[in-house]
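Each chain is listed here by its residues.
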Amino acid sequence: MNMLEETAPEWLSEEVKTGTTIIAIEYNGGVVLGSDSRVSAGASVVNRVMNKLSPLHDKIYCALSGSAADAQTIAEIVNYQLDVHSIEIGEDPQVRSAATLVRNISYKYKEELSAHLIVAGWDRREGGQVFATLNGLLTRQPFAVGGSGSSYVYGFVDAEYRRSMNKEDCQQFVVNTLSLAMNRDGSSGGVAYVVTIDEHGTEEKVVLGNDLPTFFDQS
């Protein structure tokens, strides 16, 4: 072993993970996705501002958690396959089709990959939809949370979620959830990325750390 190997920081040999808190929620007419931006390797933060909301098609996004390399690779493969699929059928793909592709890859390579993706978007048949995919699971839910920070906010989202929430309510729900998780979970942090998707298109927003809402123990 040479001197470089002896003095190299420990994070160089650690798997890079998104750490993370991800969330997606349906409302009448669309969906809202959100994520934090911290990427870690072991105890070290290697990227403070990674956007974990990756487009799969014009009105379909996925939220990434787990191994950064695995999650990004799945998203890129599905993005390519959906482009080909949309050309073949002559129209935009369905959200369920995107979620099924993610599910199939996750299941086929479940022993090699370490990634969990939430797929959400809008299509003309079903409107706004959120799908959870994990090791072959595919289930549509009114909202879904994932990543290391999710265990800190399950009680909050269960108590605060309402089926009647409009777009603005859902956007605030997502930001509040991310802010709470980022405060509690050491692997979540940075800024909050928020994407809103409806029949008119996609709206992306970044909420800086100083602009995140604060709660009683943060003031």
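Source: prediction; values computed, not measured. (Residues numbered from 1 in each chain as written. Predicted model: local features only at pLDDT ≥ 70, side-chain atom pairs only at ≥ 80, totals over all residues. Heavy atoms only, no water.)

Peer 1: Give a description of the packing of helix H2 (residues 68-89) against helix H3 (residues 95-108) that names residues and reports values.
Peer 2: In the contact formed by H2 and H3, the axes pass within 10 Å of each other and the chain directions differ by 135°. With respect to their mutual orientation, H2 and H3 come out oblique. As for how H2 packs across H3, the hand of that crossing is right-handed. For the pair H2 and H3, contact is made by Ile 74, Ile 77, Val 78, Gln 81, Leu 82 and His 85 and by Ser 97, Ala 98, Leu 101, Val 102, Ile 105 and Ser 106, respectively. Counted by class, the contact of H2 with H3 contains eight nonpolar, four polar and no charged residues. (Axes fitted to C-alpha atoms, helices over the stretch in contact; angles between N-to-C directions. Helix = DSSP H or I, 4+ residues; strand = E, 2+ residues; numbered from the N terminus. Parallel < 35°, antiparallel > 145°, perpendicular 65-115°, else oblique. Left-handed = near helix turned anticlockwise from the far one by under 90°. Contact = heavy atoms within 4.5 Å. Nonpolar A, V, L, I, M, F, W, Y, C, P; charged D, E, K, R; others polar.)

Peer 1: Describe H2, listing the residues and the values that go with them.
Peer 2: With 22 residues, H2 ought to run about 32 Å at 1.5 Å a step, and its terminal C-alpha atoms sit 31 Å apart, in line with that. The complete set of buried residues in H2 reads Ala 68, Asp 70, Ala 71, Ile 74, Ala 75, Val 78, Leu 82 and Ser 86. Looking straight down H2, one finds its buried side chains confined to an arc of 155°; they lie on one side. Facing away from the buried side of H2, by more than 90 degrees, are the exposed residues Glu 76, Tyr 80, Ile 87 and Glu 88. Gly 90 sits one or two residues past H2 and shows a positive phi near 75°. (Expected span 1.5 Å × (residues − 1). Buried < 20%, exposed > 50% of the residue type's maximum accessible area, 1.4 Å probe, protein only. Arc of directions from axis to C-beta.)

Peer 1: Could you give an account of the layout of surface pockets, with specific residues and numbers?
Peer 2: Approximately 190 Å³ is the volume attributed to the largest pocket. Mapped onto the lining of the largest pocket, the elements with two or more residues apiece are strand S8 (115-123), strand S9 (127-134) and strand S11 (143-146). Considering every element that reaches the lining of the largest pocket, the biggest residue donor is S11, with four residues. Across the lining of the largest pocket, the residue classes tally to eight nonpolar, four polar and no charged. (1 Å grid on protein atoms, 1.4 Å probe; cavity = no way out; pocket = protein on both sides within 12 Å on 5 of 7 lines; lining within 4 Å. Points joined across faces, edges and corners; volume = space filled by probe spheres on them.)

Peer 1: Explain the pairing of S11 to me, and be specific about the residues and the numbers.
Peer 2: Regular strands place their side chains on alternate faces of the sheet. Residue alternation in S11 divides its side chains into two sets, Phe 143 and Val 145 and Ala 144 and Gly 146, and both sets are buried. One ladder, built from four bridges, connects strand S2 (residues 22-27) with S11; its direction is antiparallel. Paired with Ile 23 across the two strands is Val 145, which belongs to S11. (Pairing = 2+ DSSP bridges.)

Peer 1: Provide a residue-level description of the pattern of salt bridges, including the pertinent values.
Peer 2: Once their charged atoms are close, side chains differing in charge can pair, the charge on each being opposite to the other. Across all of its chains, the model carries five salt bridges by this definition. Here Glu 26 ties to Arg 140 by a salt bridge, and the two come within 2.9 Å at their closest N and O atoms. With Glu 26 in strand S2 and Arg 140 in strand S10 (residues 137-140), the pair connects residues that are 114 residues apart, well separated along the chain. Residue Asp 36 is joined to Lys 52 by a salt bridge in which the shortest nitrogen-to-oxygen separation is 2.9 Å. Here the residue Asp 36 occupies a position in the loop between strand S3 (30-35) and strand S4 (39-41), and Lys 52 occupies one in the loop between strand S5 (44-47) and strand S6 (53-57), the gap between them amounting to 16 residues. Note on accessibility: Asp 36 and Lys 52 belong to one class, buried. What emerges from the salt-bridge pattern is a single network uniting Glu 26, Glu 126 and Arg 140. (Salt bridge = Lys/Arg side-chain N within 4 Å of Asp/Glu carboxyl O.)

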